[in-house]
Amino acid sequence: MNKYDVVVIGAGLGGLTVACQLAQANKKVLLVSSGAGTLLLASGCVDVLGFQPMDSREPIKNPLDKMATFLTENPNHPYTFTGQENMETGLNAFLQLVNRSSLNYQGSVHRNWLLPSGIGAIHPTCLAPLSLANGDLSKGGTMLLVGFKELRDFYPMLVSQNLNEQKLGVQADAVTIDAPAPIGGNMNVTPIELARAFEKADFRREVVKAIKNSKVIKSSGKGYDRFGFPSVLGLNRHAEVLADLEKQLGKTVFEISTLPPSVPGRRLFEGLRQTFLQLAKGRFLMGTKVVDGTIEKGRVTQIRIDTASELKTIKADHYVLATGGIFGGGLQTDLTGKIWEPIFGLPVVSNSDRHTWFADGFLEPQGQPVNQYGVKINAQMNPVDESNQPLSENLYLVGAIIANSDWTRGRAGEGVGLATAAAVIKQISG
Ligand SMILES: Cc1cc2nc3c(=O)[nH]c(=O)nc-3n(C[C@H](O)[C@H](O)[C@H](O)COP(=O)(O)OP(=O)(O)OC[C@H]3O[C@@H](n4cnc5c(N)ncnc54)[C@H](O)[C@@H]3O)c2cc1C
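Residues numbered from 1 in each chain as written. Predicted model: local features only at pLDDT ≥ 70, side-chain atom pairs only at ≥ 80, totals over all residues. Heavy atoms only, no water.

Engineer: Would you take a moment to explain the side chain of Asn-74 for this structure?
Structural biologist: Structurally, the position occupied by Asn-74 is in the loop between helix 2 (63-73) and helix 3 (78-98). Within polar-contact distance, the side chain of Asn-74 engages the side chain of Arg-409 at 2.7 Å. (Helix = DSSP H or I, 4+ residues; strand = E, 2+ residues; numbered from the N terminus. Polar contact = N/O pair within 3.5 Å; in protein donor to acceptor, adjacent residues only side chain to side chain.)

Below you can see the structure in the form of structure tokens.
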């Protein structure tokens, strides 16, 4: 049986950041995860609060200005338990962590970037990689949005038309080019494949040539202030790809989020994974499921993981549950409408009538009821029962497993992961 200071379960943004920060604090950490979490679906940005009132079309400029009214309307939101200080601490610690690598995130909790989304809506977000932050719409000016015939889920014309109609002070044009070899002609290309192709200098040279030879460039007169691409500008060598395109085009280059799989999300996952491996005195078990955990006399005494030959018991002083909500696998459901937390059997706030689980649209301003389901916590970040009694003093919850953490409601997404991570670090490290 192994003995760790802390076992962190789940490698979404919540679990990865907690594990890295605890490793930085010299703790012996085991990070164990069945998969890579929702980072590979999300934009790679950290949304703290985008809209308040939630059904407003006007994005918030400074999330902290509207936080009090958001929490009055959502008194059980995880931010109520973390407080503003942990939001600031969590975002600053994240910036310090990711910028150890070449990820280069920009921003702060005091200001939202207003980024173009993959359909030309406004995406208000606090922290973004430089390549996405370069697309900030409040800078105004002219932009040419470039798409690829082979990338079927990104339509630059749709993005430019929607941006222009909103009269945001930007003037956007669009061009769709044929991707050069080896992508050209492959009509089922994913963002990840395009990102790999962009790491080759020949590919980039041909892309720039096709843009410069396009009709829209030849008829544009004095040219464009910025060039926008879908977020496919390299994986491991992203910084080099961005710098080279800016050099060849002579202008600022930015990325726009695509549908999944998310290349910026994958870069972030890889960056944090590498950081943990460099820092850790402990281990990272990826592709490993935690099957169950035991709570005795108000403390977790062990968890068991699934290995090829046996169920292996692991013990630690503290346990962090960062297994996400329905999307991440932290909550399980069945046809009867039952929703449960599969590792510790913690009580879940939910509604067993499946007809109430979903709002009509995916990104409804009031959120998705099913995303609100989760485990209740107290100010120590411990799980509590229906009458708010703590269930385990050495088990802490982070991210989307916490009740009322719906990321679509007010667009408070990864900010929840970072604020709850900061609160848990304080509890464990003192
Ligand atoms: C489609 C989509 C788009 C989004 N876009 C944005 C966005 O643009 N901006 C934003 O800020 N937020 C966005 N979000 C929200 C954000 O991604 C999530 O709220 C947040 O990432 C949740 O992180 P987490 O670490 O709590 O959990 P997750 O990312 O869900 O990770 C859970 C982890 O736990 C692991 N796990 C689960 N069960 C077990 C087990 N039994 N044993 C071991 N490991 C286990 C999983 O493999 C996974 O690694 C989006 C979410 C989705 C679904």
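Engineer: Explanation requested: the environment of Val-253 in the structure shown.
Structural biologist: Position of Val-253 relative to the elements: it lies in strand 10 (residues 252-256). What makes Val-253 buried here is its relative accessible area of 0%. Linking Val-253 and Gly-228, residues 25 residues apart in sequence, is a C-alpha distance of 5.9 Å. Leave out the neighbours within four places in its chain, and Val-253 touches Ser-131, Asn-134, Phe-227, Phe-229, Leu-233, Leu-242, Leu-245 and Glu-246. (Buried < 20%, exposed > 50% of the residue type's maximum accessible area, 1.4 Å probe, protein only. Contact = heavy atoms within 4.5 Å.)

Engineer: Quick question: what am I supposed to make of helix 12 (residues 414-429) here?
Structural biologist: Residue pairs spaced three or four apart in an α-helix point in one direction, given the helix's 3.6 residues per turn. Here helix 12 spans 22 Å end to end across 16 residues, near enough to the 22 Å set by a 1.5 Å rise per residue. Helix 12 sits mainly inside the fold: 13 of its 16 residues count as buried. Positioned one or two residues after helix 12, Gly-430 has a phi angle of 80°, which is positive. (Expected span 1.5 Å × (residues − 1).)

Engineer: Help me out: how do you make sense of the packing of aromatic side chains in this one?
Structural biologist: The relation between two aromatic rings is expressed through the spacing of the ring centres and the mutual angle of the planes. Per the counting criterion, the structure on display carries 7 aromatic pairs. Judged by centre distance (6.3 Å) and plane angle (70°), the ring pair of Tyr-224 and Phe-227 falls under edge-to-face. Given the relative accessible area of 6%, Tyr-224 is considered buried. Connected via pairs of aromatic rings, a cluster forms that spans Phe-148, Phe-198, Phe-203 and Phe-229. (Phe/Tyr/Trp six-rings, centres within 6.5 Å; stacked < 30°, edge-to-face > 60°.)

Engineer: Any chance you could explain unusual backbone geometry here in plain terms?
Structural biologist: In terms of backbone geometry, most residues other than glycine have negative phi values and most peptide bonds are trans. A cis amide bond links Ala-181 to the next residue, Pro-182, at an omega of 5°. For the bond running from Pro-260 to Pro-261, omega is 0°, close enough to zero to count as cis. Mapping Pro-261 onto the fold places it in the loop between strand 10 and helix 10 (263-279). With a phi close to 55°, Asn-104 is a non-glycine residue in the positive phi region. Relative to the helices and strands, Asn-104 resides in the loop between helix 3 and strand 3 (105-107). Look at Asn-104 and you get partly exposed, because its relative accessible area is 31%. Non-glycine residue Lys-167 carries a positive phi angle of around 50°. Turning to its location among the elements, Lys-167 is positioned in the loop between helix 5 (156-165) and strand 8 (170-177).

Engineer: Sorry, what's going on with the site of the ligand here?
Structural biologist: Among the 33 residues in the neighbourhood of the ligand, the closest are listed as Gly-35, Thr-38, Ser-43, Ala-400 and Glu-414. Residue composition of the shell around the ligand, grouped by class: 13 nonpolar, 17 polar and 3 charged. (Near = heavy atom within 4 Å. Nonpolar A, V, L, I, M, F, W, Y, C, P; charged D, E, K, R; others polar.)

Engineer: Teacher, can you tell me more about the packing of helix 1 (residues 13-24) against helix 12 here?
Structural biologist: How two helices pack is summed up by the angle between their axes together with the distance between the axes. Packing of helix 1 against helix 12 brings their axes to within 9 Å, and their N-to-C directions diverge by 35°. The way helix 1 lies across helix 12 gives a crossing that is right-handed. Contact residues: Leu-13, Gly-14, Thr-17, Val-18, Gln-21 and Leu-22 in helix 1; Glu-414, Gly-417, Leu-418, Ala-421, Ile-425, Ile-428 and Ser-429 in helix 12. Of the residues contributing to the contact of helix 1 with helix 12, the split by class is 7 nonpolar, 5 polar and 1 charged. (Axes fitted to C-alpha atoms, helices over the stretch in contact; angles between N-to-C directions. Left-handed = near helix turned anticlockwise from the far one by under 90°.)

Engineer: What should I look at first to understand the pairing of strand 14 (residues 311-321) in this one?
Structural biologist: Within a regular strand, the side chains alternate between the two sheet faces. Pairing of strand 13 (residues 299-306) with strand 14 involves 4 bridges; the strand directions are antiparallel. By the bridge assignment, Asp-306 is partnered in strand 14 with Leu-311. Count of turn residues in the strand 13/strand 14 antiparallel hairpin: 4 residues. The pairing of strand 14 with strand 17 (residues 395-397) spans 3 bridges and is classified as parallel. In the strand pairing of strand 17, Val-320 is matched with Tyr-396. (Pairing = 2+ DSSP bridges.)

Engineer: Teacher, can you tell me more about the pattern of salt bridges here?
Structural biologist: Opposite charge on two side chains allows them to pair when their charged atoms are near. Counting across every chain of the model gives 13 salt bridges. We note a salt bridge from Arg-411 to Asp-47, for which the minimum N-O separation is 3.8 Å. Here the residue Arg-411 occupies a position in the loop between strand 17 and helix 12, and Asp-47 occupies one in the loop between strand 2 (29-33) and helix 2, the gap between them amounting to 364 residues. Look at Asp-47 and you get buried, because its relative accessible area is 6%. Between Glu-393 and Arg-299 there is a salt bridge, with its nearest N and O atoms 2.8 Å apart. Pair noted here: Glu-393 is in the loop between helix 11 (369-372) and strand 17 and Arg-299 is in strand 13, with a separation of 94 residues, a long-range link. On the basis of relative accessible area, Glu-393 is assigned to the partly exposed category, the value being 49%. (Salt bridge = Lys/Arg side-chain N within 4 Å of Asp/Glu carboxyl O.)

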